[in-house]
Amino acid sequence: MPVTSEAASTWTGSLMEGSGTVAFSSSNLGTFPINWKARSEGSDTTTTPEELIAAAHASCFSMALSHALAENGTPPERVNTTASVTLKPGVGITGSHINVNAVVPNLTAEAFQEIANGAKSGCPVSQALAGVEITLEATLA
């Protein structure tokens, strides 16, 4: 059965001077601020669409990798994933870099690389981002 996830955004004003918020239907954490300055210059206090995509990519990849490792008979003890999504203003989103470090007993580094590459390809968010370069840095702890 398909599952649909939802988020909502409100924006006021022009792109350069305006601002808005984004909220997630699954969360009672309230709204998160968004604006163009944070998106084009970076910010530690305001989220961006790219940060939200990075969160989706990191969490999806972690799940896909955990599943693939378990299917290999080598379930992970821990998977730590960071995804970094790059926006080039005037061009668009140009890539997503996945950096994963995992604790997986009884698995060689070579086998881990192969399984991680398969998870990168098979992750539904990676598939949704097929129009941009996706790179992977995978290490065992």
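Preceding block: the structure.
Attention here is on the structure that accompanies the text. (Residues numbered from 1 in each chain as written. Predicted model: local features only at pLDDT ≥ 70, side-chain atom pairs only at ≥ 80, totals over all residues. Heavy atoms only, no water.)

**Here's the deal with the nonpolar core**
One finds Phe 61, Leu 65, Leu 69, Val 100, Val 104, Leu 107 and Phe 112 to be the most contacted residues of the largest nonpolar core, which totals 16 residues. Counting residues per element, the ones that place at least two in this core are helix 2 (49-71), strand 5 (92-103), helix 3 (109-122) and strand 6 (133-140). Take this core: its biggest share by element is four residues, from helix 3. Among residues more than four places away in sequence, those in contact with Leu 107 are Leu 69, Asn 72, Thr 74, Phe 112, Ile 115 and Leu 140. (Core = buried A, V, L, I, M, F, W, Y, C linked by side-chain atoms within 4.5 Å. Buried < 20%, exposed > 50% of the residue type's maximum accessible area, 1.4 Å probe, protein only. Helix = DSSP H or I, 4+ residues; strand = E, 2+ residues; numbered from the N terminus. Contact = heavy atoms within 4.5 Å.)

**Some thoughts on unusual backbone geometry**
Here Asn 106, not a glycine, exhibits a phi torsion of approximately 60°, which is positive. Examined against the element boundaries, Asn 106 turns out to sit in the loop between strand 5 and helix 3.

**Some details on the pairing of strand 2 (residues 19-24)**
Here strand 1 (residues 7-12) pairs with strand 2 via six bridges, running antiparallel. Counterpart to Thr 10 in the pairing with strand 2 is Thr 21. The loop that links strand 1 with its antiparallel partner strand 2 comprises six residues; one of these, Gly 13, has a positive phi angle of about 95°. Bridge analysis of strand 2 against strand 3 (residues 32-34) gives three bridges, and the strand direction is antiparallel. Bridge assignment links Thr 21 to a residue of strand 3, and that residue is Pro 33. (Pairing = 2+ DSSP bridges.)

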